[in-house]
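# Descriptive structure summary
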Amino acid sequence: MPDALKKYEYQTEIKKILDIVIHSIYSNTDIFIRELISNASDALEKLRYISLTDEPIVDKDLPLEIRISIEKEAGNLVIEDTGVGMTKEELIENLGTIAHSGTAEFLKQLQKQPGKTAEVIGQFGLGFYSVFMVSDHVKVITRSYKPGAKGYIWESDGASGYTIAPEEGIKRGTRIVVHVKEDKKDYLDEEKIKSIIQEYSNFVSFPIYLSGKKINTIQAIWLRRPQEISEEEYTEFYKFIARMDSEPLFRLHTSSDAPIQLHALLYIPKENYEIFGLTRMEPGVHLYCNKILIESRVKDLLPDYLRFVKGVVDSEDLPLNISRETLQDNLLIKKIGKHLTKKILETLKTQKKENPEKYREFWNAFSTFIKEGATTDFENREDLAELLLFESSKTKPGELTSFDEYIAQAPEDQKEIYYLTGMSREELENSPYMESFKAADIEVFYLTNPIDDFVMTSIREYKEKNLVSADNANIKLPKKPGEGEKKEVEKETESPIDEKELKNFIKWLSKHLKDRIEDVKISERLVDSPAILVNPDDMMTVHMQKILEQAGQTLYTSGKKILEINPKHELIQKMVRLKKEGKNEDLLTMLADQITDNAFIMAGLETDKSAMIRRINTIMNSVIKE
Ligand code: ADP
Ligand code: MG
């Protein structure tokens, strides 16, 4: 069957995205030019790369360039490149479908932040569709570099769908004809187009001609010496390479000769676009060999948790003809990645020390990435741990502290760093696990993010101090000589309990609770509470076990806990007496079950609620004697 005009429907996700693009009000529609030029530049980079291999190429002698022209009468802005072009299959694949599910939903969420959609659309492989902010009809006329490939015209109004038809007599590359909407005619003004290109696309490494005149300065800024680059140039390059409108938060421009020859210009942005958790950022670093792009958004260079870093890396040592498939196995790439990871973490560490307010801004946006790193990057664990910030029992609400600050203010002989996990600061402040720490004046990190538990158990130690959860069974705190203790002593002498009776009671209690509790012990840590559950598991806190349970990870179902009782507490003393006198065994049993339930609840674990309420009612009833 001969090739003829065919109609296609957009994929549902794309329809949603187009709907958002067409019906939103944008603060910055200029960026569609940046997106189209960056696509042209990508296509040219790909062609330059292919031309270094033996692959045959159509129209091999065409110069690699971008040409922009304005058709005032027809109302068109035309952007043309001599890059790789697209086959018919590629047209359908690239300009009608989308791999990420959930992207449309993500953009919907983002719409709630006024004016941001336009900026962000390019971050998620949707840059092309931004053209429909300003256009009611777009033509893509293209021919692939592949020998034998035909030319095609793709056309769409951005609403119903698109058509593809064969087209004779066109050269390699892509020509995009943007018919601008009635109220967007200013995009037919040459001066305006020129200034937009200079703002966003000045660093494109191919010549850009506007109405026949070259308007960009082609330069690889990362190869220049830092002293010669102005702040403005750095920021401009960031906006270009990261496709961002804002300024970066931090910058790292580094060169080295040995053991690896490289130049890198990397940036850390202000915004984290993964905030809604709906989609995952692509890596943002592009890999060059002597100014030639080997791969954009290279996946196997930096560890995954650094996917928010933007910029370029250039190394002459890279084999130019390296196939993209073997990139990930390439030893040099691994070395470069390791080197840069260290550099990035160093930059962050320095900023944390020298620029705490800015670092806090970074932390607010990217803390989950650093935590992800702390649980996955064993090699850089100590550096990543240094970057962590948490609230603690010694910070005000909302204030954060770090391991280093913790160690600096802790007694020198304290060998542990303590933490406690829970749902909120309030819950943690009132936790019975905190009693002994408060009494001994020892700082405890308050962790309220579900991932924090994994972070702590992954790091395990920092500067030779073990990280220990405050609910751990083996904690022995130094007694702080102070008023708190004196009071305790007084109480003790008031109503001493017999050693033997206490032992008897504990024996009875552990037998009675044997289905729920591994062991009953005398607590060294409790001050105000009668009993507490402690966790004999060094690997996992109770909080973490609970989270895993809720996530259906029954493999990790909470092991049995140890119940610690506080013999200084009046209730326990009364219970010991009840046991000794052998009277009212029903009440004693109920009290034992109730303090156990209370301890379970304080630890955040499940109890049989209806049984508990029945029991409480009975206890309350027995209190009132008519
Ligand atoms: P991204 O550039 O992030 O992949 P876009 O929506 O901007 O997302 O473009 C989608 C795809 O369409 C590109 O990946 C590319 O394959 C193809 N494409 C767009 N413009 C061109 C062009 N000028 N030449 C060749 N291919 C293009
Ligand atoms: Mg693009």
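Here we summarise the structure given alongside this text. (Residues numbered from 1 in each chain as written. Chains lettered and ligands numbered in written order. Predicted model: local features only at pLDDT ≥ 70, side-chain atom pairs only at ≥ 80, totals over all residues. Heavy atoms only, no water.)

Attention shifts here to the site of ligand 1. Taken together, the neighbourhood of ligand 1 is formed by 13 residues, with Asn39, Asp81, Asn94, Gly125 and Phe128 sitting nearest. Between Asp81 and ligand 1, the recorded distance is 2.9 Å, taken from a side-chain N or O atom to a nitrogen atom. Here an oxygen atom of ligand 1 sits 3.0 Å away from a polar atom, N or O, in the side chain of Asn94. Broken down by element, the shell around ligand 1 gets its largest block of residues, three residues, from helix α2 (residues 31-50). A breakdown of the residues in the shell around ligand 1 according to their chemical character gives six nonpolar, six polar and one charged. (Near = heavy atom within 4 Å. Polar contact = N/O pair within 3.5 Å; in protein donor to acceptor, adjacent residues only side chain to side chain. Helix = DSSP H or I, 4+ residues; strand = E, 2+ residues; numbered from the N terminus. Nonpolar A, V, L, I, M, F, W, Y, C, P; charged D, E, K, R; others polar.)

Right, let's talk about the environment of Tyr406 for a bit. Here Tyr406 lies in helix α11 (residues 403-409). Remark: the alpha-carbon pair of Tyr406 and Val444, spanning 38 residues in sequence, is separated by 8.8 Å. Those residues in contact with Tyr406, other than ones at most four positions away along the chain, are Thr401, Gln414, Glu416, Ile417, Tyr418, Ile442, Glu443, Val444 and Phe445. (Contact = heavy atoms within 4.5 Å.)

What follows is about the packing of aromatic side chains. On inspection of all chains with the given rule, the structure shows 26 aromatic pairs. Note on Phe390 and Phe445: the rings are 5.7 Å apart at their centroids and 65° apart in plane angle, and the pair reads as edge-to-face. Separated by 55 residues along the polypeptide, Phe390 in the loop between α10 (381-387) and β15 (391-392) and Phe445 in strand β17 (residues 444-447) bring together distant segments of the chain. Take Phe390: its relative accessible area is 4%, and that puts it in the buried class. The structure contains a cluster of three or more aromatic residues connected by ring pairs, namely Phe203, Trp222, Phe237, Tyr238, Phe240, Tyr267 and Tyr288. The aromatic ring of Tyr234 is capped on one face by Arg251, whose charged end is 3.7 Å from the ring centroid. (Phe/Tyr/Trp six-rings, centres within 6.5 Å; stacked < 30°, edge-to-face > 60°. Buried < 20%, exposed > 50% of the residue type's maximum accessible area, 1.4 Å probe, protein only. Lys NZ or Arg CZ within 6 Å of the ring centre and 35° of its normal.)

This part covers the pattern of salt bridges. Counted under the stated rule, the structure contains 39 salt bridges. A salt bridge links Glu65 to Arg67, with the shortest nitrogen-to-oxygen separation between them at 2.7 Å. (Salt bridge = Lys/Arg side-chain N within 4 Å of Asp/Glu carboxyl O.)

Time to look at the pairing of strand β6 (residues 162-167). Two strands pair when backbone bridges link them, and strand β1 (residues 6-8) and β6 are joined in this way by three bridges, in the antiparallel orientation. Across the sheet, the residue bridging to Lys6 is Ile164, located in β6. Of the pairings in the sheet, the one linking strand β5 (residues 151-156) to β6 comprises six bridges and is antiparallel in character. Its bridge partner being in β6, Ile153 is matched across the sheet by Ala165. From the end of β5 to the start of β6, which pair antiparallel, there are five residues, and Gly158 there has a positive phi angle of about 80°. (Pairing = 2+ DSSP bridges.)

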